[in-house]
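Descriptive structure summary
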Amino acid sequence: TLVLDWMVELCDLPRRFHSSGPGGGVIQDSASSAVLCALVAARHRAVTAGAALADLVAYTGTAAHSSIEKAARVAGFGTDQLVALGGDAEGTLDADALAAAVSADRAAGRVPFFVAATTGTTSSLAFDPLRRVGDVASAQGIWLHVDGAMAGSAAVCPELRWVNDGLEAVDSYAFNPHKWLLTNFDCDCFWVADRAALVAALSILPEFLRTAASASGQVIDYRDWQIPLGRRFRALKLWFVIRHYGAEGLRHHIRNHVQLAKEFAGWVAADGRFALAAPVRLSLVCFRLRADDAANQRLLDLVNASGRMYLSHTRLADGLVLRMAIGGTLTERRHVEAAWALLRTTADALL
């Protein structure tokens, strides 16, 4: 409880997520578990209000993480009950398309109940227009969950808190300190604006779990904030990270990677053989050769086979895209320089 409240303050998150009010936070193993809990809570709220399970419909962006579709499957929803709406070349959720889809579904007798938005997509670190999506969800009484898995860590830096823009109106939010905040896997910070809604969906209280402390509200039973009954003490390792590095140490870590990404992007843009494939927002650079997909695939295969660096890839409007993710605990400028040198020499051999 203390550590999640610390994180609210450290990242300047909306006060509604602080345990002093109706909301609060808990550490899940991953963003996949967080979105599943949020979906189950939203489903419970809708069904309790009288909706039939078969009529429920959820929405997300076309670039949303696969964990959202998996959560819908696990929660028992059919493929037609999760609608993916894309608004641009990066697959962000279009607020106007969302409003239209909600209206059309209501007219057809369906019950819109859940929206999963993304602040920092896996493919290109794109951001859904959260304020506009939030306006639609709020007006329609739809649960809005936000997945900020990687980008959420950036909010430790005051100048990067634009990543939180629009969170004031959401029902739940999650990001992963184990991705970019120096914390060992697994550690996902998950907050809800109304913990009663989450507990109502996940609390089952047999006699052997009843205690005087629980009945009086003296303790928070985090078993009711997650899928399994038992849980690891994940807060301890996050506590150690915060205590060891301090706020300024964590900010230095994030700022250094953002600066390295800007430098790398500058090198890419200055080389006529390469092109940036998406805006560089934080520490992810999406780029490709000015060539066909086969050449880019060959470049990817060769640099990964070298054992000296490892790139992942995605597909955007331009086709196959290489992804330089700068976020490792020990990553320094010399590593990024070496990666760029290898990319250039490999490109020389290909073109």
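What follows covers the overall build of the protein chain. A count of helices and strands for the protein chain gives eleven helices and eleven strands. What you see for the protein chain is a C-alpha radius of gyration of 21 Å, in line with the 20 Å of a compact globule of 351 residues. Across its three principal directions, the C-alpha atoms of the protein chain cover 70 × 50 × 35 Å. Per-residue burial over the protein chain gives 52% buried out of 351 residues. Within the protein chain, contacts between residues at least 6 apart in sequence are counted, and of these 71% link residues at least 24 apart. Of the roughly 15400 Å² of accessible surface on the protein chain, a fraction of 54% belongs to carbon and sulfur atoms. Treating the 34 positive side-chain charges of the protein chain as one cloud and the 35 negative ones as another, the clouds have centres 4 Å apart.

As a further point, take the side chain of S172. Checked against the element boundaries, S172 lands in strand β6 (residues 172–175). Non-local contacts of S172, meaning those with residues more than four positions away in its chain, are made with A38, W143, L144, H145, V146, F190, W191 and V192.

The next subject is helix α2 (residues 31–48). An α-helix turns once every 3.6 residues. As a result, residues three or four positions apart point the same way. When the terminal C-alpha atoms of α2 are compared, their 26 Å separation across 18 residues agrees well with the 26 Å that a helix rising 1.5 Å per residue should span. Within the span of α2, buried status applies to A31, S33, A34, V35, L36, C37, A38, L39, V40, A41, A42 and A46. Positive phi appears at G50, one or two residues downstream of α2, with a value of about 110°.

The next point concerns the packing of helix α9 (residues 234–270) against helix α11 (residues 333–350). In contact at an axis separation of 10 Å, α9 and α11 are set at 20° when each is read in the N-to-C sense. Judged by the angle between their axes, α9 and α11 are roughly parallel. You can see that α9 and α11 cross each other, and the crossing is right-handed. Contacts between α9 and α11 pair L260, E263, F264, W267 and V268 from the former with R333, V336, E337, W340 and L343 from the latter.

Attention now goes to the packing of α2 against helix α3 (residues 66–74). It is at 9 Å that the axes of α2 and α3 come closest, and there the two elements cross at 45°. Put simply, α2 runs oblique to α3. Here α2 runs over α3; the crossing is right-handed. Contacts between α2 and α3 involve S32, V35, L36 and L39 on the former and, on the latter, S67, I68, A71, A72 and V74.

Conventions we followed
What you see as residue numbers is a count from 1 along each chain, following the sequence as written. Only residues with pLDDT of 70 or above have their local features reported here, since the model is predicted, and side-chain atom pairs are shown and tallied only from 80 upward, although totals for entire chains, interfaces and linings are computed over all residues. Side-chain metrics rest on all non-hydrogen atoms present in the structure, leaving aside hydrogens and water. Helix numbers and strand numbers start at the N terminus; a helix is a DSSP run of H or I with at least 4 residues, a strand a run of E with at least 2. For this measure, only C-alpha atoms enter the radius of gyration; the expected value for a globule follows 2.2 Å times N^0.38, where N is the number of residues. Buried, partly exposed and exposed residues are distinguished by accessible area as a fraction of the type maximum, computed with a 1.4 Å probe on protein chains only: under 20%, between the cut-offs, and over 50%, respectively. It only takes one pair of heavy atoms within 4.5 Å for two residues to be counted as in contact. Per-residue and other accessible areas were derived by the Shrake-Rupley procedure at a 1.4 Å probe size, with only the shown protein chains allowed to occlude residues. Think of it this way: Lys and Arg go in the positive column, Asp and Glu in the negative one, and His and the chain ends go nowhere. One atom stands in for each charge, and that atom is NZ of Lys, CZ of Arg, CG of Asp or CD of Glu. For a helix, the expected span equals 1.5 Å multiplied by the number of residues minus one. Axes here mean lines fitted to C-alpha atoms, for a helix over just the part in contact, with angles spanning 0 to 180 degrees between N-to-C directions. Roughly parallel refers to an angle under 35 degrees, roughly antiparallel to one over 145, roughly perpendicular to one between 65 and 115, and oblique to any angle outside these ranges. The hand of a helix crossing depends on one turn: near helix anticlockwise from the far one by less than a right angle means left-handed, and clockwise means right-handed.

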